[in-house]
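# Report on the structure
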Amino acid sequence: MKSDLERARLMVSSAVFPCLLLSLLITVTTAAPVQRTCAFPAIYNFGDSNSDTGGISAAFEPIRAPYGQGFFHKSAGRDSDGRLTIDFIAERVGLPYLSAYLNSLGSNFRHGANFATGGSTIRRQNETIFQYGISPFSLDMQIAQFDQFKSRSAELFSQIKIRSEREKLPRQEEFAKALYTFDIGQNDLSVGFRTMSVDQLKATIPDIVSHLASAVRNIYQQGGRTFWIHNTGPFGCLPVNMFYMGTPAPGYLDKSGCVKAQNEMAMEFNRKLEETVINLRKELTRAAITYVDVYSAKYEMMSNPKRLGFANPLKVCCGYHEKYDHIWCGTKGKVNNTEIYGAPCRNPATAVSWDGVHYTEAANKHVADRTLGGLLTDPPVPITRACYRQ
């Protein structure tokens, strides 16, 4: 007996009812199983200040107003005026915003936990946070915290009898179904720019990304299957890089006004990271690993700000930065014997940079809009279907 596809081909070839049969052929040949939306029960995030929802605030001094004022109407442990990309990820998959693992008060870990802390690096650094702001919670420490969180939550779940308290804990069977997100690496470059030559930093990149691969393997061995891995953004476009620069030499900046050599190093990091992700897909045969190009989403705001509704992307929204006088967001200082407060700009929704290092909520939303639908991901799938291995 001939199949529907074979009959359709025969009928088309004999030119019987050509329009109707062509339509039938298209319908038969393009029909494919429709993937259902992934039902992620939880998100576990690892990263730095780009995705920290309160970790560094809990570990050290809290991030104060005007941080968080735009959306949360209070300081919310985030280095932005509002939501971060990780918050938009949670919204997109229908889960609550993540509680920071280090935040012991009022936290609910039923739907995941955030191990990211501002200043975190992939590789351990021989510095303290009080020197250059580098967090002691490098990626390997975050993974160790995850390991402890997973085993400790299982123990507590079996011990706690009060239902309302148990509802704040994850279910062990759901770790395998969770979404694991990574947004880290920017501070490894920052340390490298400060302490190494260009060649030295470039030579360390394979080792840096290998540490990230080890973190993914660790979670995979514990049953994790869905990974959403951000590359690093255009480091040379952070306005802080221009604060003490003076007059740049010809060719030092690119056409968008960003430090060319720093962006080239970020792109080299991303090339190695993408290669690593490709190799991990071959090695971890049951994992669905998505490489997310946030670099392109962020650089788009630098190269085409007006088209996207942004003003000068190199102008800092919060803080006072004029010539060689710099008063950081939310702090006070004196300029010509006059006290100045580092206040936010009038319209953060048109700004890209919040404080010279971190992005505004509007910029984070742009990154989310450009990536969560699969436009800038490999494979090109929306995050709501990222659990399916392509």
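Scroll up a little and you will see the structure.
Residues numbered from 1 in each chain as written. Predicted model: local features only at pLDDT ≥ 70, side-chain atom pairs only at ≥ 80, totals over all residues. Heavy atoms only, no water.

## Some remarks on helix α11 (residues 294–303)
Under the convention used in this document: Exposure is judged per residue with a 1.4 Å probe applied to protein chains only, and the accessible area is read against the type maximum: over 50% gives exposed, under 20% gives buried, and values in between give partly exposed. The secondary structure listing takes helices from DSSP runs of H or I that are at least 4 residues long and strands from runs of E that are at least 2 residues long, numbered from the N terminus. We call two residues in contact when some of their heavy atoms are within 4.5 Å.
The buried fraction of α11 amounts to eight of the 10 residues, a majority that puts the element mostly inside the structure. Summarising the contacts, the buried residues of α11 are in contact with β4 (226–230), α10 (260–283), β5 (288–292) and α12 (361–371).

## Concerning the side chain of S99
Definition in use: Residues adjacent in sequence count toward polar contacts only when both atoms are side-chain atoms; beyond that, a polar contact is any pair of N or O atoms within 3.5 Å, and within protein one must be able to donate a hydrogen and the other to accept it.
Tracing the backbone shows S99 in the loop between α4 (85–92) and β2 (112–114). For S99, the side chain forms a polar contact with the main-chain nitrogen of N108, separated by 3.4 Å. Look past the residues within four positions of S99 in its chain and what remains in contact with it is T53, S107, N108, F109, A113 and N114.

## Brief notes about the state of the cysteines
Put simply, the test is: When two cysteine sulfur atoms are found within 2.5 Å, that pair is recorded as a disulfide.
On inspection of all chains with the given rule, the structure shows four disulfides. For C38, the disulfide goes to C387, at an S-S distance of 2.0 Å. Disulfide C38 to C387: torsion about the S-S bond roughly -90°, handedness left-handed. With a gap of 349 residues between them, C38 in the loop between α2 (18–30) and β1 (43–47) and C387 in the segment after β10 (377–378) connect regions that are remote in the sequence. Paired through a disulfide, C317 and C345 show a sulfur-sulfur distance of 2.1 Å. Judged by the torsion about the S-S bond (-90°), the C317/C345 disulfide is left-handed. In this pair, C317 is assigned in the loop between α11 and β6 (319–322) and C345 in the loop between β9 (338–341) and α12, connecting sequence segments 28 residues apart. For C317, a relative accessible area of 4% corresponds to the buried category. Under the relative-accessibility criterion, C345 is labelled partly exposed at 28%. With its bonded cysteines labelled in order along the sequence, the protein chain shows the pairing 1-8, 2-3, 4-7, 5-6.

## Some remarks on the sheet that holds β4
Under the convention used in this document: At least two bridges found by DSSP between two strands is the condition for calling them paired. Lines fitted to the C-alpha atoms define the axes, with helices restricted to the stretch that makes contact. Angles between their N-to-C directions range from 0 to 180 degrees.
The strand order across the open sheet formed by six strands is β2-β1-β3-β4-β5-β10, and the pairing between neighbours is mixed. Sheet topology places β2 and β10 at the edges, where each strand pairs with a single neighbour. Here β4 pairs with β5 via five bridges, running parallel. When the bridges of β5 are listed, I229 appears paired with Y291. Here helix α6 (residues 139–159) sits on the sheet and contacts β1, β2 and β3 (179–183); the angle it forms with β1, its principal contact strand, is near 155°.

## Regarding the packing of aromatic side chains
In plain terms, the rule: Aromatic rings from Phe, Tyr and Trp, with only the six-membered ring used for Trp, were paired whenever their centres fell within 6.5 Å, and each pair was classed as stacked if the ring planes differed by under 30 degrees, edge-to-face if by over 60, and tilted otherwise.
Enumeration over the complete set of coordinates arrives at 25 aromatic pairs. Ring centres 5.3 Å apart and planes at 10° place the aromatic pair F46 and F115 in the stacked group. Linking F46 in strand β1 with F115 in the loop between β2 and α5 (129–132), this pair joins segments that are 69 residues apart in sequence. Of the residues examined, F115 reaches a relative accessible area of 2% and is grouped as buried. Pairing Y101 with F149 gives two aromatic rings, centres 6.1 Å apart and planes at 80°, and the pair type is edge-to-face.

## Thoughts on the side chain of Q186
By the element assignment, Q186 lies in helix α8 (residues 186–195). Side chain to side chain, Q186 and N50 meet in a polar contact 3.4 Å long. In this view, Q186 contacts D48, N50, T232, F235 and L238; residues no more than four positions away in its chain are not counted.

## What to know about the nonpolar core
Rules: We call a set of buried Ala, Val, Leu, Ile, Met, Phe, Trp, Tyr and Cys residues a nonpolar core when their side-chain atoms join them within 4.5 Å.
Among the nonpolar cores identified, the biggest contains 74 residues, and Y44, F46, Y180, F182 and F227 are the most heavily contacted of them. Per element, the largest residue contribution to this core is 10 residues, and it comes from helix α9 (residues 198–221). Excluding its chain neighbours within four sequence positions, the residues that come into contact with F46 are S51, F115, A116, L139, Q142, I143, F146, Y180, T181, F182, D183 and I219. Formed by nine residues, the second largest nonpolar core is a distinct cluster that contains C317, C329, A351 and W354.

## Looking at α12
What α12 keeps buried is the set E361, A363, N364, H366, V367, A368 and T371. Next to the buried residues of α12 lie α4, β4, β5, α11 and β10.

## A look at the pairing of β9
Two strands pair when backbone bridges link them, and strand β8 (residues 332–335) and β9 are joined in this way by four bridges, in the antiparallel orientation. Bridge assignment links V335 to a residue of β9, and that residue is T338. The antiparallel hairpin formed by β8 and β9 contains two residues in its connecting segment, where N336 sits at a positive phi of about 55°.

## Considering the environment of K150
Relative to the assigned elements, K150 resides in helix α6. In this structure K150 comes out as buried when scored by relative accessible area, which is 16%. Residues K150 and R171, 21 residues apart in the sequence, show an inter-C-alpha distance of 9.4 Å.

## Points about the packing of α6 against α9
Put simply, the rule is: Should an angle fall under 35 degrees it is taken as roughly parallel, and over 145 as roughly antiparallel, whereas 65 to 115 is taken as roughly perpendicular and any remaining angle as oblique. For this classification, Asp, Glu, Lys and Arg are treated as charged, while Ala, Val, Leu, Ile, Met, Phe, Trp, Tyr, Cys and Pro are nonpolar and the rest, including Gly, are polar.
For the pair α6 and α9, interaxial distance at closest approach is 10 Å and the crossing angle is 10°. For the element pair α6 / α9, the angle class is roughly parallel. Between α6 and α9, the residues in contact are L139, I143, F146 and D147 and H211, L212, A215, N218 and I219, respectively. For the contact of α6 with α9, the class distribution of residues is six nonpolar, two polar and one charged.

## Focus on the pairing of β3
Within β3, five of the five residues are buried, which leaves the element mostly enclosed by the surrounding structure. Of the two faces of β3, the one carrying L179, T181 and D183 and the one carrying Y180 and F182 are both buried. When β1 meets β3, the two strands line up parallel, connected through five bridges. From the neighbouring strand, Y44 faces β3, where its bridge partner is Y180.

Without other data, these values stay purely geometric and don't point to any function.
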